[in-house]
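Descriptive analysis of the structure
Letter by letter, the chains look like this.
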2 protein chains.
Amino acid sequence: MINCRILKQVLVLNKEKNFARAALSLHLSQPTLTRNIQALEEKVGYKIFDRAPGNLKLTNFGQMLVRHAEKIVSASSQLENEIAQFLNLQAGHLNLGMGPFPAETSFSRTIGLFNEQFSKIHIKSTVDNWENLHTLLLNEKIEFFVAETSELEKNKYLEITPLQSHPGFFYCRTDHPILEKMTINLKDCMQYSMILPKLPKRFINFLNTEISSREKQKEYAYIECDNVGMTNKIVLNSLAIGIGVYDLVSNHLQDKRIKIIPFHPGFMKTIHGIVKLKSHTLSPAAQEFISILNLVEEELCTEETLYFSRTSDAVSEKG
Amino acid sequence: MINCRILKQVLVLNKEKNFARAALSLHLSQPTLTRNIQALEEKVGYKIFDRAPGNLKLTNFGQMLVRHAEKIVSASSQLENEIAQFLNLQAGHLNLGMGPFPAETSFSRTIGLFNEQFSKIHIKSTVDNWENLHTLLLNEKIEFFVAETSELEKNKYLEITPLQSHPGFFYCRTDHPILEKMTINLKDCMQYSMILPKLPKRFINFLNTEISSREKQKEYAYIECDNVGMTNKIVLNSLAIGIGVYDLVSNHLQDKRIKIIPFHPGFMKTIHGIVKLKSHTLSPAAQEFISILNLVEEELCTEETLYFSRTSDAVSEKG
DNA sequence: ACGATTTACGGAGACCGTAAGGATT
DNA sequence: AATCCTTACGGTCTCCGTAAATCGT
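Owing to the predicted nature of the structure, the values given are computational and were not obtained by experimental measurement.

Let us now look at the sheet that holds strand β12 (residues 272-277) of chain A. Residues and elements named next belong to chain A. The five strands are arranged β4-β3-β5-β12-β6 in an open sheet whose pairing can be described as mixed. The sheet is open, and its two edges are formed by β4 (122-127) and β6 (158-162), each paired on a single side. Across the sheet, the axes of successive neighbouring strands diverge by a mean angle of 20°, strand direction being ignored. Two strands pair when backbone bridges link them, and β6 and β12 are joined in this way by five bridges, in the antiparallel orientation. When the sheet's bridge partners are listed, P162 is paired in β12 with G273. Along the sheet face, helix α5 (residues 100-117) touches β3 (93-98), β4, β5 (144-148) and β12 and points at about 155° away from the line of β3.

Next up, the structure:
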């Protein structure tokens, strides 16, 4: 197998028609170039250049060799360009998935930042619940996803990097009658329609322990909705109660159009993580995305902590 | 510049999906393959394979790399094939030139032998006088030629390899009246029409010294003809006298349809050589052709010597 | 004598194979 | 235990640069 480097040297030498200039252009010493060409000539068993002072030219054989060398060297430098692009994230695709909460909190911010920095990367984002995302991941439709991980942690094919947990809460309109009560518990909340995304078992289990089987049979309103925007609108326009985290509703909180219901059971926090296949190396784009995501997450935590420390919306626990 | 050998290794490994098998197929030890792949991954700054026992697969990056590697490796092995062909003379062109005498003596035999051995080489032969051949050579229309070299030897751009000299002679029909004379000189010959190819100066000079200026002004018949076949036919059908060497007329000599005129001045011998540009390396085909040519020349000399030693057609000297 | 190319020498790095060391099943 | 991959070590070969020699004008 002929080394690509030496072919490049042949091409440059043929263009320059002079060992010294070619060597300079190739960042080689001139004797080195001579020896390399000689070695190649010896290796292939035939003269490539006819040397005459000031009149260097290709032999018949050399012409043939140069024709091929041009192809090879060009393909090779194309590869190197693409490697550089790949590593510099100047091209490529990034398919990723996210649960509904990450989608409207950290991901929307991260995608914005990532796109500013690497505008040539085509991002395809899929918002779905953790179960469907898991399927997409196994089928390699997405490189990784961020979602509730409480039910995935035992899976041996997955590699899960936990994210900072965010406190969750119920929220409602500012003028909601439930807020008039001194203390509020789950049953109080359940007097009203609740708008919930697909819930993890740990949540369902909680409901099951808190509510007697008789009460369970009583029909209580329950709107399943994975879409945060919709949830917010419903909450604003009805007595329904939503569930969320700070960043999902921060605008409405600051507008004072909604309020956090002061009922904070310990389980109400996100257990989110970055989920990828153990066997699969992330693309540089994905790695970069994740590092931006981590910065965004940190920022979110700071904002969140700041908000809760300045308001009476204390939460039971955090982290 | 990424080494082509390692790209090949990536391709084989990707096909085999197993380091041990790939290493075997590549005639490498298995740890060496591991290290080479690792080194490449480190060099390009990114993982190429995701390794899992029994489940080796390409990363995104690896897929991109393999796409390019296939192009490069394929171009490279194409080159190596063509080099092998070139050196084995399994393809290519051979443009060569020759004077009229070599054309019908050694060259016709050599071309036959060469073509038997290297039937895929396309031969283009040009028959012309040494002057026109010289021009063709300078313009690189031919790689080399064989012809009279007495007037080219001083040329510093040429490299001339002399060939064995052949004795030249005048010849005529067996029943030609000139043969009745006891001794024959130039003037006797010049009583008849002479059929001559383009003559070198050394020949002209001889004529000039032998013939007085008065005699020169007398018009003597002189047919310029570079074509040996034509010359023979004219000699057979007239009293014209031809000039030639043994192999040109050996058939007619053996048929006893012509005879050599017993007049052998010392200068009448070929001064032929292989002529090429000093600056130009001969193609392998040309080199092979020349080595066959040399064998043929040796054979011709043997036949020639044998003939002259068995007949009364003694010649004055031999080169 | 001068410009261009080649040879000679010593050292740095690439690459190989053997042997031993994990890891996963 | 078996299979597959990786690490460690020591030796060879390639390739480099500097310095000196050779070639052709």
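Here we come to the pattern of salt bridges. Applying the stated criterion across every chain yields a total of 26 salt bridges over all chains. The salt bridge partner of A:R51 is A:E41, with a shortest N-O separation of 2.8 Å. Separated by 10 residues along the polypeptide, A:R51 in the loop between β1 (49-50) and β2 (57-58) and A:E41 in helix α3 (residues 30-44) bring together distant segments of the chain. With relative accessibility at 33%, the residue A:R51 sits in the partly exposed group. When the shortest N-O distance is used, the salt bridge between B:E299 and B:R109 registers 3.4 Å. Here B:E299 is found in helix α12 (residues 284-310), whereas its partner B:R109 is found in helix α5 (residues 100-117), with 190 residues between them in sequence.

Okay, the packing of aromatic side chains next. Residue and element names in this part refer to chain B. Evaluation of the coordinates by the stated rule reveals 26 aromatic pairs over all chains. Between Y307 and F308, the aromatic rings sit 5.6 Å apart at their centres with planes inclined by 75°, giving edge-to-face as the arrangement. For Y307, a relative accessible area of 10% translates into the label buried.

Taken together, 17 residues surround DNA strand D, and among them A:R35, A:N36, B:Q30, B:Q38 and B:R51 come closest. Across the atoms of DNA strand D situated within 4 Å of the protein, the share located in sugar and phosphate is 63%. The side chain of B:Q38 places a nitrogen or oxygen atom 2.5 Å from a phosphate oxygen of DNA strand D. Elements with a contribution of two residues or more to the surface near DNA strand D: α1 (4-16) and α3 of chain A together with α2 (19-25) and α3 (30-44) of chain B. Split into classes, the residues belonging to the surface near DNA strand D amount to five nonpolar, nine polar and three charged.

Once that is clear, we can look at α3(B). Between its first and last C-alpha, α3(B) extends 21 Å over 15 residues, near the 21 Å set by a 1.5 Å rise per residue. If you check which residues of α3(B) are buried, you get B:L33, B:I37, B:L40, B:E41 and B:V44. Projected down its long axis, α3(B) shows its buried positions confined to an angular sector of 100°, all on one face. Turned more than 90 degrees from where α3(B) packs its buried face, B:E42 and B:K43 sit exposed. Close packing links the buried residues of α3(B) with α4 (60-88) of chain A together with α1 (4-16), α2, β1 (49-50) and α4 (60-87) of chain B. Of the residues trailing α3(B), B:G45 is marked for its positive phi of about 85°.

Attention shifts here to the sheet that holds strand β9 (residues 222-224) of chain A. Residues and elements named next belong to chain A. Strand order in the open sheet formed by five strands is β9-β8-β10-β7-β11, with mixed pairing between adjacent strands. Bordering the open sheet on either side are β9 and β11 (258-260), each of which pairs with just one other strand. Taking each pair of neighbouring strands and ignoring which way they run, the sheet shows an average axis angle of 35°. Pairing geometry for strand β8 (residues 194-196) and strand β10 (residues 241-245), over two bridges, is parallel.

Residues in close proximity to DNA strand C total 17 residues, the closest being A:Q30, A:Q38, A:R51, B:R35 and B:N36. If you look at DNA strand C and keep only atoms within 4 Å of the protein, 61% of those are sugar or phosphate atoms. Between DNA strand C and A:R51, the relevant distance is 2.7 Å, taken from a phosphate oxygen to a side-chain nitrogen or oxygen of the residue. Between a phosphate oxygen of DNA strand C and a side-chain N or O atom of B:T32, the distance comes to 3.1 Å. Where the surface near DNA strand C is concerned, the elements lending two or more residues are α2 (19-25) and α3 of chain A together with α3 of chain B. Along the lines of polarity and charge, the residues of the surface near DNA strand C split into six nonpolar, eight polar and three charged.

With that settled, the discussion passes to the interface of chain A and chain B. Facing 40 residues of chain A, the contacting portion of chain B comprises 40 residues. With both chains or domains summed, chain A and chain B bury close to 3800 Å², and 64% of this area falls on carbon and sulfur atoms. At the boundary of chain A with chain B, the tally comes to four salt bridges. For B:K57, the salt bridge identified is with A:E140, shortest N-O distance 2.7 Å. The tally of links between chain A and chain B comes to 16 residue pairs in polar contact (both at pLDDT 80 or more).

For the pair chain A and chain B, the best superposition has an RMSD of 0.3 Å and corresponds to a rotation of 179° with a translation of 0.0 Å parallel to the axis. Such a combination of rotation and displacement between the chain copies is what one expects of a two-fold axis.

Time to look at the pairing of strand β7 (residues 168-173) of chain B. All names here are of chain B. Most of β7 sits inside the fold, with five of its six residues counted as buried. The pairing of β7 with strand β10 (residues 241-245) spans four bridges and is classified as antiparallel. Bridged to F169 within β10 is G244. Taken together, the three bridges between β7 and strand β11 (residues 258-260) define a ladder with antiparallel strand orientation. Residue pairing in the sheet places R173 in a bridge with I258 of β11.

Reading the values: the criteria
Residues numbered from 1 in each chain as written. Chains lettered and ligands numbered in written order. Predicted model: local features only at pLDDT ≥ 70, side-chain atom pairs only at ≥ 80, totals over all residues. Heavy atoms only, no water. Pairing = 2+ DSSP bridges. Helix = DSSP H or I, 4+ residues; strand = E, 2+ residues; numbered from the N terminus. Axes fitted to C-alpha atoms, helices over the stretch in contact; angles between N-to-C directions. Contact = heavy atoms within 4.5 Å. Salt bridge = Lys/Arg side-chain N within 4 Å of Asp/Glu carboxyl O. Buried < 20%, exposed > 50% of the residue type's maximum accessible area, 1.4 Å probe, protein only. Phe/Tyr/Trp six-rings, centres within 6.5 Å; stacked < 30°, edge-to-face > 60°. Near = heavy atom within 4 Å. Polar contact = N/O pair within 3.5 Å; in protein donor to acceptor, adjacent residues only side chain to side chain. Nonpolar A, V, L, I, M, F, W, Y, C, P; charged D, E, K, R; others polar. Expected span 1.5 Å × (residues − 1). Arc of directions from axis to C-beta. Buried area = accessible area lost by both parts, 1.4 Å probe. Least-squares fit on C-alpha atoms with pLDDT ≥ 70 in both.

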